[in-house]
Structure formats: C-alpha cells, structure tokens
Amino acid sequence: MVLDKRIDGRTVLTGLIGNPVEHTVSPVIHNSLFLLMGINGVYLPLKTEETGLEAAVKGLAALGFVGFNVTIPYKEAICSLLDEVDEEVRLLGTANTVKILDGRLYGYNTDGKGFVTAFRKQTGADFAGKKVCILGAGGTARTLAIKVVQEGAGQVCIINRTVSKAVEIAGYINDTLRAGSGLREPVLSLAPDTKRTIEALNESDIIINTTSVGMYPDIGASPVDEGVDFASRPIVYDVIYNPARTRLLSMAHEKGCSIYNGAGMLFYQGIRAFEIWMDTLISDDVLQKLSTSFLKHLED
Ligand code: ATR
C-alpha cells in the first residue's frame, strides 16, 4: 500500500470552530492552499458546543494551532475570548479569524474585505456614489452594510422582515460612520414588500441578499416578490452559494441584470485568513488556479 506521509510532527495546524460544521467547504480552500504552496499544513472542521467554546479555544492555543476560523454561531462570542482585535473587529463586533502567536489570541474579520475583493474582481464595479439595497439584517448584513458605506456608497437601504434589526444597524452606521462618508442621506431601514421598499429596489444600482431565503433546500423561495422588476438593471449579489443560482438571481437574470453568488466572497475571506495565519501574500497565479477549481467544485 501507499503510505500517507502528509501529516507529521511539524504539520501546521489550523481549523474551524462552529456548529454545525458538517457542510463547510472551507477545508477545501485551505487544504488546497497548503498543497499548492508546498506548506506542510492541515485545516480541520472542529464542531464545538457552546458550553465548550472557551475550553476549545484555550485547547487550540495549548495544542500549538497557528490559527483558526470561527463561524456561526460564535462570531460574536469569540470576541470576549481574544487578547487583541483589529480595527475591523472593533467596528463590526464580530470576528471570523483568529491568529495564535506565543499563546496570545489575535482577532480579525475577513468577511467584509473578502466581500469587497470578490465584488470588485467579479463585477469590475465599485460602490462609490451607488444606491445599494441590502436584504436582511443579521450578522452578514451588518458587516456588508458597514463595508459598503466605507466603500463610498451614496445611498443605503436595509430591508428586513424584523424591521427593528434593520433600524439598529442603520442607527449604528448613521451614528458612527456617516460623518465623512459618501452617504447623501442617512441609511434607511425598511420592511419587505412595502411600496417604498419596492421603489427602492427598482431604483437601486446594487442589490445584496444576505438572508438565507432561497438557500438549499428551500430553493424556490425568493427574498423579494414579483413586484420587483429590477427596472434599473442593478448588479444583484446573493451571498448564498448553494444553489449557485438562487431564485432571486434567476429573477434578476431574466430581467437582464448581472448576477453573482456568494462563492467569491467565501473564497476571498478564506484567502485573507490564510494570509494572516501564514504571514504571507498569496500570488495571483495561485489565486487564479485555486479559484477556478474551487468555483467548479461548488457547482458540481
Ligand atoms: P447571518 O449571520 O448569515 O447574517 P443571521 O444573523 O441569522 O445570519 O441573519 C439571517 C437573516 O435572514 C435575517 O435578516 C433574517 O431575518 P429576521 O431578522 O427577520 O429573522 C433573514 N431570514 C431568515 N429566514 C427568513 C425568512 N424566511 N424570511 C425573511 N427573512 C429571513
């Protein structure tokens, strides 16, 4: 038989804590990166119960992990266990990446930058002066709304079933980021399917879906109703990547919009996390090779 010699006493250890982690595709990104870059390293999904979060984090540090990702539902809870956090974590209130150096835990959030990098590379567009509608008001919406404002958006609407959550995010941005931003008016919070909301969607330059509506297995569902006709031909970005084309993206595509799914965001948040752990910059050549294979893998 062929002996498997990939793991030995010098293997660099990384992983993902969260719950559930059964369907994560992050190991594909990171383990392929280790392989492509000739680094003896491994990335493991580590399902963690809430009661064991602190022990798990201390355990990873004690075991010499160089870093780990954090996913649902611990992106907020992890922050209180960190020794230092970067500016992005302070602003967003969540971390998805931890680097361990000499037993100290350093927190980062690569979701926002991952989204902006993916958006720029995939669409060739930017946010400066644009009218942006964000569907949803959970953790992802919060991150993306903040990034979009930082990137110079001119008008931002947050649309959510539970309007109070949209109001909270809009209020936070209006209080802390509006001064000096490109916003022409305060961030708006709206309920779905009202006349005003449909108007905002039909006049937008960019629509971003951060809700889970339309995600597998509920693939027939859409976060906007038929009254939305995408009259302004916006770029429609759905953070869902399974299915690759959600009902929302199909509706927008039929109306002639450019559509993008969340695979790019997932990819680039992972790339940035890897760069932080390994203290390196990944070359365009490696990125190109990996992204082509990764996107194909998601569609299979
Ligand atoms: P994430 O961290 O990915 O943002 P989250 O914080 O759980 O996840 O947020 C999920 C978002 O999807 C919320 O905006 C949620 O709306 P509510 O705030 O009203 O709960 C939205 N969402 C989930 N299921 C939904 C549904 N069936 N209809 C409309 N919105 C839904």
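Residues numbered from 1 in each chain as written. Predicted model: local features only at pLDDT ≥ 70, side-chain atom pairs only at ≥ 80, totals over all residues. Heavy atoms only, no water.

1. With respect to the overall build of the protein chain
Along the backbone of the protein chain there are ten helices and twelve strands. A compact globule built from 300 residues should have a C-alpha radius of gyration of about 19 Å, and the protein chain, at 20 Å, falls within 12% of that. Residues classed as buried in the protein chain amount to 48% of the 300 residues present. Put simply, 69% of the contacts in the protein chain that link residues at least 6 apart link residues at least 24 apart. Put simply, the protein chain has 29 plus and 35 minus side-chain charges, and the middle of one group is 2 Å from the middle of the other. (Helix = DSSP H or I, 4+ residues; strand = E, 2+ residues; numbered from the N terminus. Rg over C-alpha atoms; globule rule 2.2 N^0.38 Å. Buried < 20%, exposed > 50% of the residue type's maximum accessible area, 1.4 Å probe, protein only. Contact = heavy atoms within 4.5 Å. Lys, Arg positive; Asp, Glu negative; His and termini not counted. Charge placed at Lys NZ, Arg CZ, Asp CG, Glu CD.)

2. Overview of the sheet that holds strand S9 (residues 188–190)
Taken in spatial order, the six strands line up as S9-S8-S7-S10-S11-S12 in an open sheet, and their pairing is parallel. Both outer strands of the open sheet, S9 and strand S12 (258–260), are each paired with one neighbouring strand and no more. Taken pair by pair, the neighbouring strands of this sheet meet at an average axis angle of 15 degrees, ignoring direction. Helix H5 (residues 139–150) contacts strand S7 (131–135), strand S8 (155–159) and strand S10 (206–209) of the sheet and is inclined by roughly 170 degrees relative to S7. (Pairing = 2+ DSSP bridges. Axes fitted to C-alpha atoms, helices over the stretch in contact; angles between N-to-C directions.)

3. Description of the domain arrangement of the protein chain
Once the domains are mapped, the protein chain shows domain 1 (12–109 + 264–299) and domain 2 (113–261). Using only C-alpha atoms to locate each centre, domain 1 and domain 2 end up separated by 26 Å. Of the residues lining the interface, 13 residues belong to domain 1; the matching set on domain 2 comes to 21 residues. Each partner contributes to the roughly 1400 Å² buried at the junction of domain 1 and domain 2, and carbon and sulfur atoms together form 63% of this total. The tally of links from domain 1 across to domain 2 stands at one salt bridge. Our enumeration of links across domain 1 and domain 2 arrives at three residue pairs in polar contact (both at pLDDT 80 or more). Those elements giving two or more residues to the side of domain 1 that touches domain 2 turn out to be helix H3 (87–92), helix H9 (263–278) and helix H10 (284–299). The element best represented in the side of domain 1 that touches domain 2 is H9, accounting for five residues. (Domains from an automatic or database assignment. Buried area = accessible area lost by both parts, 1.4 Å probe. Salt bridge = Lys/Arg side-chain N within 4 Å of Asp/Glu carboxyl O. Polar contact = N/O pair within 3.5 Å; in protein donor to acceptor, adjacent residues only side chain to side chain.)

4. So, the packing of aromatic side chains
By convention here, two paired aromatic rings are described through the distance between centres and the angle between planes. One pass over the full model with this rule turns up ten aromatic pairs. Centre to centre, the rings of phenylalanine 115 and tyrosine 237 are 5.2 Å apart; their planes meet at 85 degrees, and the pair counts as edge-to-face. Of the two residues, phenylalanine 115 sits in helix H4 (residues 111–123) while tyrosine 237 sits in strand S11 (residues 235–238), which places them 122 residues apart along the sequence. In this pair, the class of phenylalanine 115 matches that of tyrosine 237, namely buried. Three or more aromatic residues joined by ring pairs make a cluster, and in this case those are Phe115, Phe119, Phe127, Tyr237 and Tyr260. Directly above the aromatic system of tyrosine 172 lies the positively charged group of arginine 142, at a separation of 4.7 Å from the ring centroid. (Phe/Tyr/Trp six-rings, centres within 6.5 Å; stacked < 30°, edge-to-face > 60°. Lys NZ or Arg CZ within 6 Å of the ring centre and 35° of its normal.)

5. What to know about a nonpolar patch on the surface
On the surface, a nonpolar cluster with roughly 320 Å² of combined accessible area is contributed by Met215, Tyr216 and Ile219. As for its position among the elements, isoleucine 219 is in the loop between S10 and S11. (Patch = residues over 30% accessible without salt bridge, like charges linked within 9 Å, V, L, I, M, F, W, Y side chains within 5 Å. Areas by Shrake-Rupley, 256 points an atom, 1.4 Å probe, with all protein chains shown as cover.)

6. A word on the pairing of strand S6 (residues 104–108)
Pairing geometry for strand S4 (residues 84–85) and S6, over two bridges, is parallel. If you follow valine 85 over to S6, its bridge partner there is glycine 107. The pairing of strand S5 (residues 97–101) with S6 spans five bridges and is antiparallel. Counterpart to valine 98 in the pairing with S6 is glycine 107. Counting the residues between successive antiparallel strands, the hairpin from S5 to S6 contains two residues, one of them, aspartate 102, with a positive phi of roughly 50 degrees.

7. A word on the sheet that holds strand S1 (residues 12–18)
Spatially, six strands are ordered S2-S1-S3-S5-S6-S4 in an open sheet, and the strand pairing comes out mixed. Each edge of the open sheet is held by one strand with a lone partner, namely strand S2 (41–47) and S4. As paired strands, S1 and strand S3 (residues 67–70) are joined by four bridges and run parallel to one another. The residue of S3 that forms the bridge with isoleucine 17 is valine 70. Along the sheet, helix H1 (residues 26–36) contacts S1, S2 and S3; its crossing angle with S2, the most-contacted strand, is approximately 165 degrees.

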